[in-house]
Amino acid sequence: MHKKAKFTNYSLFVSCVAAIGGILFGYNTSVISGVLLFITKDFHLSTIQQEVIVSTLLIGALIGALLGGFIADQFGRKKTLFLTLILFFIGVSTLTQAGGFDTLLIGRFISGLAIGIVSMAAPLYIAEMSPPENRGALVSLNQLCITIGILIAYIVTYAFAASGNWRDMFAFAYIPIVLQFIGLFLIPETPSWLFTHNRKDRAEEILHKIRISQPHHHLVEANKDEDAPSKRHWKALFAPSVRKPFLIGIGVAVFQSITGINTVIYYAPQIFQLAGFETAQTALFATILVGAVNVLVTIIALWLIDRIGRRPLLIAGLIGMAAALAVLGISFIGHGQSAGLTAVVALLVFVAFFAVSLGPVAWLIISEVYPLGIRGRAMGIATFSNWVCNYFVSLTFLSLIQSLGTTGTFWLYAIICFLGLWFVIKLVPETKGKTFEEIQAFWKKS
Ligand code: BGC
C-alpha cells in the first residue's frame, strides 16, 4: 500500500484530456433519441430505417472496440486517441451534412467505430498514467465524462426540441473534438507502452512526472513487466496465467450491460410515458433528471472508489440495482399507465446504484487486471463483449416488454443483477491501491 502518495496535477491534467473521449462517447450514444424524431420527418424514414440508424452505431462500436485493442497495443495509446478524433470528426461531419438515409447510416457507423475505440482507449490511457492509490478515481473521470456527455445530450435535445434543428444537435460534438485535439498535443505516450516498445528512458521520465512521493525504483517497478515484449504475440492472450483475469474482465463488462442500464439511458422517455407521463415534454424533463442523478452519483463514486474499494461498491450496487428493479416491476402491476411516482423513484434509484458501482468500476477493472503487453487487446475483447450485450439489450427491450410485460421485463433484469452479484462475490478480487505488478503477482499465485 502506498497511502501517502498523491496524484500530481500532471496526472490529473493528462487524465482529463483523455477523459474528454468519455464526453464524446456519452453524447454521441444519447443524442440520437432527440434527433430521431426530426430526421424521421425530414427523410420520411420507416420504422425499420429508424431502428437501423439507431443500431448501426452500436455495430460500429463493437467492431471499433476489437480494432482499438489491437491498435493500442501496436501503435500506442496516444496515437489511438488521435485516431478516434479523426473518426469522430468524419462521423460528425457526415451526420451534420447528411442528405438522406444512406449518409446518416455512414455517419452513424463511423461515429460508432470511434466510440468503440475510445471506450477502451481512454480508460486504458488513464490507468497507465495514474499512481495506484488514485487509479480508481482518475480512470473513473472517464465514466464521469460519459455521464456528463449523456446529460448534455438530454439537455440539448430538450432545448432544440422546439426548433427541430437536428444538424446543430449533431454539431455540438465538435466542441469536445476540438478541445481534445488541442489537449492531445500536450500529453505523452504512456510509460507502460513505452516500456514494451523499448523506450525505457522516456518511460522513466514520464513516471517521474506522474508520481511525487515514491522512490525512483518503485516508480519503475509499478509500471513495468519484464515479460511484456514476449506478450505481444496473440498467443499470449490464451496463456494459463491470463485466463482468470480474462474471464473476470469479460464477466464484469458483460454484467455492466446486461443488467439493463441502457434500457433506461436510451428509452427513459418511453418508460416515463408507459408510467403515465402523458406529454413528451414532461417525459423529456424526467429524462434530464435521470441524467443529472447519473452525473451526481458518479461524483460520489469517484470519491469512494479508492477509499472503500471496487468490490464493496460492486456488491452494494448490484444489490441496490436488483431491489430498485424489483420495485420498478411492482410499480407497474395493476397500475399500467399510472405507475407514476413509484416508477420514477425506482428508476432513479436504479440509475444511482449503477452510477456508484458497475458504471465506473467495470471500466476500471478491465483497465487494471490484465498484464502489460496484452492489456490493449484483452481490454478490447472485454469492451467488445460489453458492446455486444449493449446491442442485444437495446434491440430486445421493446419486444421484451411486449412478450413478458413491463413487470416481467424489469424482474428479468433484477434476476440478472443477482447473477452478477454471485459472479462478483465468487471471482472479482480487490485491486484497490495495488500496482499493476502486485495485481499480476496475485494472478500468478492464484
Ligand atoms: C456504459 C454505457 C452507459 C453509461 C451510463 C457506461 O459506463 O458503458 O453503456 O450508457 O455508462 O452512464
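Our subject is the structure that appears above.
These remarks concern the structure in this document.

About the criteria used
Residues numbered from 1 in each chain as written. Predicted model: local features only at pLDDT ≥ 70, side-chain atom pairs only at ≥ 80, totals over all residues. Heavy atoms only, no water. Salt bridge = Lys/Arg side-chain N within 4 Å of Asp/Glu carboxyl O. Helix = DSSP H or I, 4+ residues; strand = E, 2+ residues; numbered from the N terminus. Buried < 20%, exposed > 50% of the residue type's maximum accessible area, 1.4 Å probe, protein only. Core = buried A, V, L, I, M, F, W, Y, C linked by side-chain atoms within 4.5 Å. Contact = heavy atoms within 4.5 Å. Near = heavy atom within 4 Å. Polar contact = N/O pair within 3.5 Å; in protein donor to acceptor, adjacent residues only side chain to side chain. Areas by Shrake-Rupley, 256 points an atom, 1.4 Å probe, with all protein chains shown as cover. 1 Å grid on protein atoms, 1.4 Å probe; cavity = no way out; pocket = protein on both sides within 12 Å on 5 of 7 lines; lining within 4 Å. Sits in = over half its atoms within 2 Å of the grid points. Points joined across faces, edges and corners; volume = space filled by probe spheres on them. Nonpolar A, V, L, I, M, F, W, Y, C, P; charged D, E, K, R; others polar.

**A closer look at the pattern of salt bridges**
Between side chains of opposite charge, a pair can form when the charged atoms approach closely.
And then number 1: What the rule picks out here adds up to 8 salt bridges.
And then number 2: Taking the shortest distance from any N to any O, the salt bridge between E128 and R375 comes out at 2.6 Å. Of this pair, E128 sits in helix α5 (residues 101-128) while R375 sits in helix α18 (residues 375-427), and the two are 247 residues apart along the sequence. An identical accessibility class is assigned to E128 and R375; each is buried.
And then number 3: Notably, a salt bridge pairs E368 with R310, separated by 3.1 Å at the nearest N-O pair. Note that E368 is positioned in helix α17 (residues 358-368) and R310 in helix α15 (residues 310-332), a separation of 58 residues in sequence.

**Some words on the nonpolar core**
And then number 1: In this structure, I39, L104, W166 and W387 are the most contacted members of the largest nonpolar core, which totals 150 residues.
And then number 2: Counting residues per element, this core draws most heavily on α18, at 17 residues.
And then number 3: Once you skip the residues sitting within four places of it in the chain, W387 turns out to touch F25, T29, L58, A61, L62, A65, I115, G116, S119 and Y266.

**A few points about the site of the ligand**
And then number 1: Around the ligand, a shell composed of F25, Q143, T147, I150, Q256, N262, I265, N294, F354, G359, W363 and N390 is seen.
And then number 2: A distance of 2.6 Å is found between an oxygen atom of the ligand and a side-chain nitrogen or oxygen belonging to Q143.
And then number 3: For the ligand, the protein covers 99% of the area, taking 310 Å² as the surface of the free molecule.
And then number 4: One can see that the ligand is located within the largest cavity.

**Details of the environment of N142**
And then number 1: Relative to the helices and strands, N142 is located in helix α6 (residues 135-160).
And then number 2: Residue class for N142 comes out buried when judged on its relative accessible area of 2%.
And then number 3: The sequence separation of N142 and G21 amounts to 121 residues, and the corresponding C-alpha distance is 7.4 Å.
And then number 4: With sequence-adjacent residues up to four places away left out, N142 is seen in contact with A18, A19, G21, G22, A122, P123 and I126.

**As for the layout of surface pockets**
And then number 1: Size it by volume and the largest pocket reaches roughly 1,000 Å³.
And then number 2: Along the walls of the largest pocket sit 38 residues, with S33, L36, Y266, Y267 and Q270 positioned nearest its centre.
And then number 3: Elements represented by at least two residues in the lining of the largest pocket include exactly α1 (9-30), α2 (32-43), α3 (47-75), α6, α13 (261-274), α14 (280-304) and α18.
And then number 4: The class makeup of the residues in the lining of the largest pocket is 21 nonpolar, 15 polar and 2 charged.

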